There are 2 protein chains.
Amino acid sequence: MGDDGAVLRGPDDRELVIATDTIVSGIHFPPDFPPGAVGHRALAVNLSDLAAMGADPAWYTLALALPDIRPPWMVRFARGLDALARRSHIHLVGGDTVRAPVLSVTITVVGTVPKGQALLRSAARPGDRIFVSGPLGLAAEGLALWQDGQRRSRHIRPFLHPEPRLSWIPILRVCARAAIDVSDGFAQDLGHLLEASQVGAAVDLDRIPRDRRDPNSLNRALFGGDDYELCFTVPNARLPDLRARARSARLAFSEVGHVIPGRGISWQRSDGSAAPEPKGRSFDHFADPARRG
Amino acid sequence: MGDDGAVLRGPDDRELVIATDTIVSGIHFPPDFPPGAVGHRALAVNLSDLAAMGADPAWYTLALALPDIRPPWMVRFARGLDALARRSHIHLVGGDTVRAPVLSVTITVVGTVPKGQALLRSAARPGDRIFVSGPLGLAAEGLALWQDGQRRSRHIRPFLHPEPRLSWIPILRVCARAAIDVSDGFAQDLGHLLEASQVGAAVDLDRIPRDRRDPNSLNRALFGGDDYELCFTVPNARLPDLRARARSARLAFSEVGHVIPGRGISWQRSDGSAAPEPKGRSFDHFADPARRG
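Being a predicted model, the structure only gives us computed values, none of them experimental. (Residues numbered from 1 in each chain as written. Chains lettered and ligands numbered in written order. Predicted model: local features only at pLDDT ≥ 70, side-chain atom pairs only at ≥ 80, totals over all residues. Heavy atoms only, no water.)

## Overview of the confidence of the model for chain A
Rule in force here: Predictor confidence is given residue by residue as pLDDT, running from a minimum of 0 to a maximum of 100. By definition in these notes, contact holds between two residues if any of their heavy atoms fall within 4.5 Å.
Predicted confidence across chain A gives a mean pLDDT of 91, with 95% of residues reaching 70 or more. Segment residues 285–293 of chain A: pLDDT under 50, and 29 contacts once partners within four positions in sequence are set aside and those in other chains are kept.

## A few points about the domain arrangement of chain A
All names here are of chain A. For clarity, the threshold we go by: Reported domain spans reflect what an automatic or database domain assignment gives. Here the quantity called buried area is the accessible surface, traced with a 1.4 Å probe, that two parts lose on coming together, added over both. The rule for a salt bridge is simple: a side-chain nitrogen of Lys or Arg has to be within 4 Å of a carboxyl oxygen of Asp or Glu. Two N or O atoms form a polar contact when they lie within 3.5 Å of each other; inside protein one atom must be a possible hydrogen donor and the other a possible acceptor, and for residues adjacent in sequence the pair counts only when both atoms belong to side chains. The secondary structure listing takes helices from DSSP runs of H or I that are at least 4 residues long and strands from runs of E that are at least 2 residues long, numbered from the N terminus. Gly is put with the polar residues, along with every residue not named as nonpolar or charged; the nonpolar set is Ala, Val, Leu, Ile, Met, Phe, Trp, Tyr, Cys and Pro, and the charged set is Asp, Glu, Lys and Arg.
Under the domain assignment, chain A is made up of domain 1 (14–114) and domain 2 (121–268). Spacing between the C-alpha centres of domain 1 and domain 2 amounts to 23 Å. Counting residues at the interface gives 25 residues for domain 1, matched by 19 residues for domain 2. Around 1,800 Å² of area is buried between domain 1 and domain 2 when both sides are counted, 60% of it from carbon and sulfur atoms. The tally of links from domain 1 across to domain 2 stands at four salt bridges. Taking the shortest distance from any N to any O, the salt bridge between Arg173 and Asp56 comes out at 3.1 Å. Between domain 1 and domain 2 we count nine residue pairs in polar contact (both at pLDDT 80 or more) in total. Listed by contribution, the elements that provide at least two residues to the side of domain 1 that touches domain 2 are α1 (35–53), β3 (56–66), α2 (71–88) and β5 (104–114). Here the element with the most residues in the side of domain 1 that touches domain 2 is α1; it accounts for 10 residues. Of the residues that constitute the side of domain 1 that touches domain 2, the class distribution is 14 nonpolar, five polar and six charged.

## Overview of the pairing of strand β8 (residues 200–204) of chain B
Residue and element names in this part refer to chain B. Heads up, the condition is: Residue burial is assigned from relative accessible area. The probe radius is 1.4 Å, only protein chains are included, and a residue is buried under 20% of its type maximum, exposed over 50%, and partly exposed in between. One requirement defines pairing of two strands: DSSP has to find at least two bridges between them.
Of all five residues in β8, five are buried; the element is thus mostly enclosed. Burial of the side chains of β8 extends over both faces: Gly200, Ala202 and Asp204 are buried on one face and Ala201 and Val203 on the other. Where β8 and strand β10 (residues 254–260) come together, four bridges link them in antiparallel fashion. From the neighbouring strand, Ala202 faces β10, where its bridge partner is His258. Where β8 meets strand β11 (residues 264–268), five bridges bridge the pair, whose relative direction is parallel. If you follow Ala201 over to β11, its bridge partner there is Ile265.

## Focus: the interface of chain B and chain A
Taken residue by residue, the interface counts 53 residues in chain B and 53 residues in chain A. For the pair chain B and chain A, the two sides together bury roughly 4,500 Å², of which 59% comes from carbon and sulfur. Taken together, the links from chain B to chain A amount to zero salt bridges. On inspection of chain B and its partner chain A, the count reaches three residue pairs in polar contact (both at pLDDT 80 or more). Secondary-structure elements contributing two or more residues to the side of chain B that touches chain A are β1 (6–8), β2 (14–24), α1 (35–53), β3 (56–66), β4 (91–99), β5 (104–114) and β7 (178–182) of chain B. In the side of chain B that touches chain A, the residues fall into 27 nonpolar, 13 polar and 13 charged.

So this is what it looks like as structure tokens:
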């Protein structure tokens with residue numbers, strides 16, 4: 001931290017993966033968010049990108065822009081950030097703190113992956129099964145509760161403390177063909193993966209894992225953001241290996257559809273009938289300024 | 001750019017160096033700065049860190065926070081950024097664009113250096129000569145002119161288009177012992193280097209290169225920020241090599257003092273007499289909110 005930069009020393013048989021994400025107060029989290037949750041979130045969203053690439057977390061840099069330096073705020077922010085960093089085995093190697101009218105945090109993460117094993121969005125092939133690593137829409141539900149003034153409901157937690165799915169990294173590297181993290185809503189993120197792979201998908205709406213006690217759960221599962229679950233495709237031949245490894249790591253997952261030739265998503269019901277195109281819109285920070293905060 | 005992160009493939013015999021810096025409108029540059037100059041500056045300040053580490057630029061990520069997306073602004077911003085990136089041989093490998101009340105740009109740069117050859121601040125030894133790569137205080141002079149409403153004076157250029165001293169990188173790796181870039185003012189930055197190396201320095205005020213037509217030049221040279229010149233120490237045995245390589249690369253430089261045992265900077269005149277401790281203050285974004293913009 002004392003030099004103008006940091007020297008990164010990694011093993012020669014691995015490649016590096018880099019990703020960067022910014023979160024801004026009032027846009028990506030409410031202005032009254034606890035400082036520890038801000039620190040946690042700033043790193044979590046970046047770790048989620050590494051997980052989607054199949055890369056093991058290694059180093060990160062922190063750029064903090066804030067209106068003033070209040071030591072108690074800084075201590076709580078750092079505690080939330082550091083707790084996630086420690087259990088993720090990622091090390092802070094550089095930073096910059098500047099004054100700005102509004103709080104924002106930019107983290108750049110560097111991960112390592114055995115050469116040639118990074119997962120790409122563009123590798124999905126027709127016939128692959130499509131999985132998600134956990135229930136979708138819970139963060140959107142938590143956001144709604146937060147905006148409703150609730151602070152103690154346990155349903156707020158997925159929004160307050162998104163958990164990057166790092167346990168999946170070694171399994172995805174071996175079993176998955178393509179992967180993406182679900183940050184902007186499942187419909188949009190799966191769409192990105194399909195587009196990059198130049199394929200389509202058949203998705204069974206009834207199999208999308210969600211909180212069925214919530215009457216808005218399907219909409220939130222498809223279009224809510226901030227879930228930070230992983231969506232990945234697996235070829236049929238690797239399904240037994242996927243199941244064995246996930247069982248051994250005690251990881252749950254759900255099959256929600258399969259890759260087909262063509263373009264776009266074909267929505268279906270469990271009985272195989274076509275479902276009407278779900279209506280909704282994924283989160284777009286520029287299109288919908290009032291939604292957060 | 002299509003994936004959650006980018007895979008970096010570098011040669012096995014080199015190490016990576018990473019650095020990150022944020023610039024904020026109204027803090028690090030005036031709100032009426034030309035968009036191309038904002039793009040240029042955001043990358044230049046980071047490239048300067050790589051130069052000070054002796055690392056060759058390789059990749060960068062861009063996190064852009066801005067109040068709205070105006071395509072003409074974006075085009076001019078990108079043009080200024082890209083022009084510097086191209087001639088610096090550094091490649092964009094990731095990014096994030098978010099909405100925020102005030103424009104800020106965070107760039108993280110990754111450079112490569114042959115193993116073990118990264119320059120550190122902590123390597124200076126008593127007896128080393130201290131050099132700077134060019135005149136100091138010109139950016140502070142340009143800022144003063146800009147704040148005075150001048151837009152056409154050529155003296156604005158060092159402030160508007162700081163030029164990272166990349167040509168020095170291969171020379172510093174071979175000849176220098178310790179290095180730092182002059183971003184916060186020479187007195188403060190040399191102080192950081194000395195502190196990291198646990199040594200002191202004797203500095204000849206009369207030899208500090210500056211614009212002598214400017215009556216405030218000494219103050220600006222010692223305490224003005226944003227010069228992005230390099231300050232480095234060289235052991236006596238390597239001086240002939242330094243001179244030969246700098247001549248061959250047509251690079252000017254100035255010797256301003258030498259490293260001594262002890263702590264702090266001993267200011268002197270050319271005749272060897274002690275100079276009074278220069279009065280002034282290096283730029284601190286938090287202490288002096290009104291200074292910029």
